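The chain contents come next:
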Amino acid sequence: MKKTLARLPIATGAVVAVLASVAGPAAATVVVPPTARSGRLVQVGPIADHGFPTWFRDSNNVRLEACITPDDPLCPAPPGSVPDPARPVSFPDNFPDEFFYQLGGANLTLPGGVKATIGLDLEGAFATGPVIPGDQVTFGRVRIRFDAPAGARYRITHPYGVDDVVADAKKGVNVTEDIGLSPGVFAQALNSRIGPFLTWDPAVAPAAPAGYVGDPAVNHQVVGSPYGTNFVRIERLDSTGAVLGQVGYTDLFSVQGRYATHAGVDVDQATYSRDPDGTGMVEVHASSEADQDIQVIGDPSAGYGTTSLRGTGGHYYGRLPFTGTLTPGAAVDVVNLTDQPVATKRHALTDVVTVYQVDYDADAQTLRVLAGSSDRMAPPTLSVAGLGPITDAPFTGVAVPPGIVTVTSSAGGSASTPLAGSGGGFLPKPPTGAATAVSPARTGQTVRLDATASAGVISGFTWTQTAGPAVTLADPNRPVATFVPAVGGLYTFAVTVTGPGGVAAPVSVSVGVSGATANAGADLTVIRGRPVTLNGTASTSAATWSWRQVSGPAARLTGTATGRPAVTYPALTLPAAPGGRPFTYRNDPVVMELTVRDAYGAGTDRVVLRPRAETLSGLTVRYRKGTKQWQLSGRSSLHAGQRVVVVLGSRLTGRVIGRAVTVRSDGTFSLRATGPSCGSLRTVSLVTTTGGVRLGVRVTVTR
């Protein structure tokens, strides 16, 4: 069955090196075949008038030429690719927008009637689509297409390798590999997987039509696989790559290609030289196949006739004397008479430029170039690319000379030579120093001086102290130096960075060191309600003091900006008559914090004020029901004139009995009160303003 072309746009300038899905994200991997590759495409032929290679050659010495005409049934251009098939093909007005050197492939029917197609082509086309001179591209294509469930994995073995493909949800298996899509860089196609060319197997009848690799309308066994896999086999794999089974196989292919009958010709170089009297030589270098009749067409105005070139191994050379006139823009016409029709190439004649001397002085930044032209009758203008015409004087101000000096001629010639400079060697730029330190710091702690941010080529560091209390530096010749300050103050250091390019200017860094150490004094035991004096005067390097309360019942604090502030732990608020309300007993320590500061930092310390413990003892409590009279007496261990409140019950939330009484100077206290009734309660509880408390004291009840 004859293969038909499914046409797709070509990505401009791309060189695709791996399988890529055209219509969806099918995962495709090129697998290295188990057999080493034994052949490939090896040569691009001369460029024909249409701007494409005349032919491609493979390692079996098979040359296939471009199928560009629509009237050859065994090697036609694709249908619709030639604008006017009734007219002769001509470039660029009536030329196919795509064509093939090899058009090969196979069709398979898979289980369920699914059709699979494999394309193996060497194609010519235009990078942006339409026929545009300069847009010519050639590329090798491997294409694999068939419907398959999403996620299904397959291994496809074909003449040019093995592909591992996971089908996607939209198009199943639909992948294309194109290698060689840069305009004019036709040799990129040699790196594709296409090659050697596929031809009908000569051991299997019928034989291929003379001059062709086969008849594309007839499926046939082929030879040419570099791996010996002249078939297509499709296998279903599991997720690990193990073979589940073969789902398709064929060794029948449709192949199209015409053996090259034209060798073509390329003119590699055409130059002239002439003496002051106007006589000279034209020299021509050309290339084609071996044993071709390559000639230069004579030019009567120049005074030379049609001349055959001498050839060996596909390379040709001629040296033609001329005595006539070479007009501006003169060219030579080179033909290959072995080709029918004759292949013709025109190439401009240029002079030969010789560079005699190139001297670059790196110190003076001057470039002197001496060069000459093979045209000694009418010496053309010679110029250095990027700098201008050559004169007797050197080029000046050339800070960065070209590595390759190219001399061009107004007569078309050019020559290049590498530059070897003179003058003193370049040294690295002087380094740039940088210095940092964490500031402020504290006495007794290690301070880092850091120059690691210095830039450039560096061979050494030197740290020195320039101001402040004297210290000893550790590692003064390393990027990071350290010191431990004993006293507060401002310390200044300089680092000098050296390198092959010189010495950097010293860079200074200053570190403020704080010696401020707070000492809030010893913890205190205090009587609630009486002021005490805190003592922070043992703090060091204190320029300022600042006191604040951190926790505990809100105390009265005065003189907060001095070293000896006054603080009063508040007296306990007693239950209020008649009682029976919520009451919170707090006797927590009060914590005060001192912060002292100097010019470079601060220090803190805390002092704890705890209420002096108080014990209530010797308690006797009587209640007379008839008169509702209460009598209570007792003793406190704290003789501070504090007040005492008595409440009914075993908690401090009971009803208040009478009023608060004051503890006498000997520590005793007593209470006489009428009411409230004790009811069924047989205990009372006591609390003092200095924090003393006694719960659940037994009551003696009488009539």
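Because the structure is a prediction, the values reported are computed rather than measured. (Residues numbered from 1 in each chain as written. Predicted model: local features only at pLDDT ≥ 70, side-chain atom pairs only at ≥ 80, totals over all residues. Heavy atoms only, no water.)

K.L.:
Go over the pattern of salt bridges with me, naming the residues and quoting the values.
P.N.:
This structure, assessed with the given rule, holds 22 salt bridges. The partner of E177 in a salt bridge is R193, and the shortest N-O contact between them spans 3.0 Å. Of the two residues, E177 is situated in strand β11 (residues 173–179) and R193 in the loop between β11 and β12 (199–200); the sequence distance between them amounts to 16 residues. Since its relative accessible area comes to 4%, E177 is described here as buried. When salt bridges with common partners are traced through the structure, they connect R57, R63 and E289 into a single cluster. (Salt bridge = Lys/Arg side-chain N within 4 Å of Asp/Glu carboxyl O. Helix = DSSP H or I, 4+ residues; strand = E, 2+ residues; numbered from the N terminus. Buried < 20%, exposed > 50% of the residue type's maximum accessible area, 1.4 Å probe, protein only.)

K.L.:
I'd like a description of the sheet that holds strand β24 (residues 331–336), backed by residues and values.
P.N.:
Judged by pairing direction, the sheet is antiparallel, and its four strands sit side by side in the order β21-β20-β24-β25 without closing on themselves. Pairing within the sheet leaves two strands with one partner each, and these edge strands are β21 (307–308) and β25 (343–348). Two strands pair when backbone bridges link them, and strand β20 (residues 294–296) and β24 are joined in this way by three bridges, in the antiparallel orientation. Bridged to I294 within β24 is N336. (Pairing = 2+ DSSP bridges.)

K.L.:
Explain the sheet that holds strand β42 (residues 524–526) residue by residue, including any values.
P.N.:
If you walk across this open sheet you meet the four strands as β42-β48-β47-β44, and the pairing is mixed. A strand with exactly one partner marks an edge of an open sheet, and here the two such strands are β42 and β44 (544–551). The mean inter-strand angle of the sheet, taken between neighbouring strand axes irrespective of direction, is 30°. Where strand β47 (residues 590–597) lies against strand β48 (residues 602–611), eight bridges are found, and the strand directions are antiparallel. Residue pairing across strands places T595 opposite T604, the latter belonging to β48. (Axes fitted to C-alpha atoms, helices over the stretch in contact; angles between N-to-C directions.)

K.L.:
Can you break down the layout of surface pockets residue by residue, with the values?
P.N.:
For the largest pocket, the calculated volume is near 580 Å³. Lining the largest pocket are 24 residues, and of these A48, D49, H50, I68 and H262 sit closest to its centre. Looking at the lining of the largest pocket, the element that brings in the most residues is β25, giving three residues. (1 Å grid on protein atoms, 1.4 Å probe; cavity = no way out; pocket = protein on both sides within 12 Å on 5 of 7 lines; lining within 4 Å. Points joined across faces, edges and corners; volume = space filled by probe spheres on them.)

K.L.:
Could you give an account of the pairing of strand β7 (residues 114–126), naming the residues involved and the relevant values?
P.N.:
Judged by how many residues are buried, β7 sits mostly within the fold: 10 of 13 residues are covered. Bridge analysis of strand β6 (residues 98–110) against β7 gives 12 bridges, and the strand direction is antiparallel. Bridge pairing in β7 links N107 to T117. If you look at the hairpin formed by β6 and β7, you'll find three residues sitting between the two strands, and G112 has a positive phi there, around 80°. Bridge analysis of β7 against strand β8 (residues 136–146) gives 10 bridges, and the strand direction is antiparallel. Bridge pairing in β8 places L122 opposite G140.

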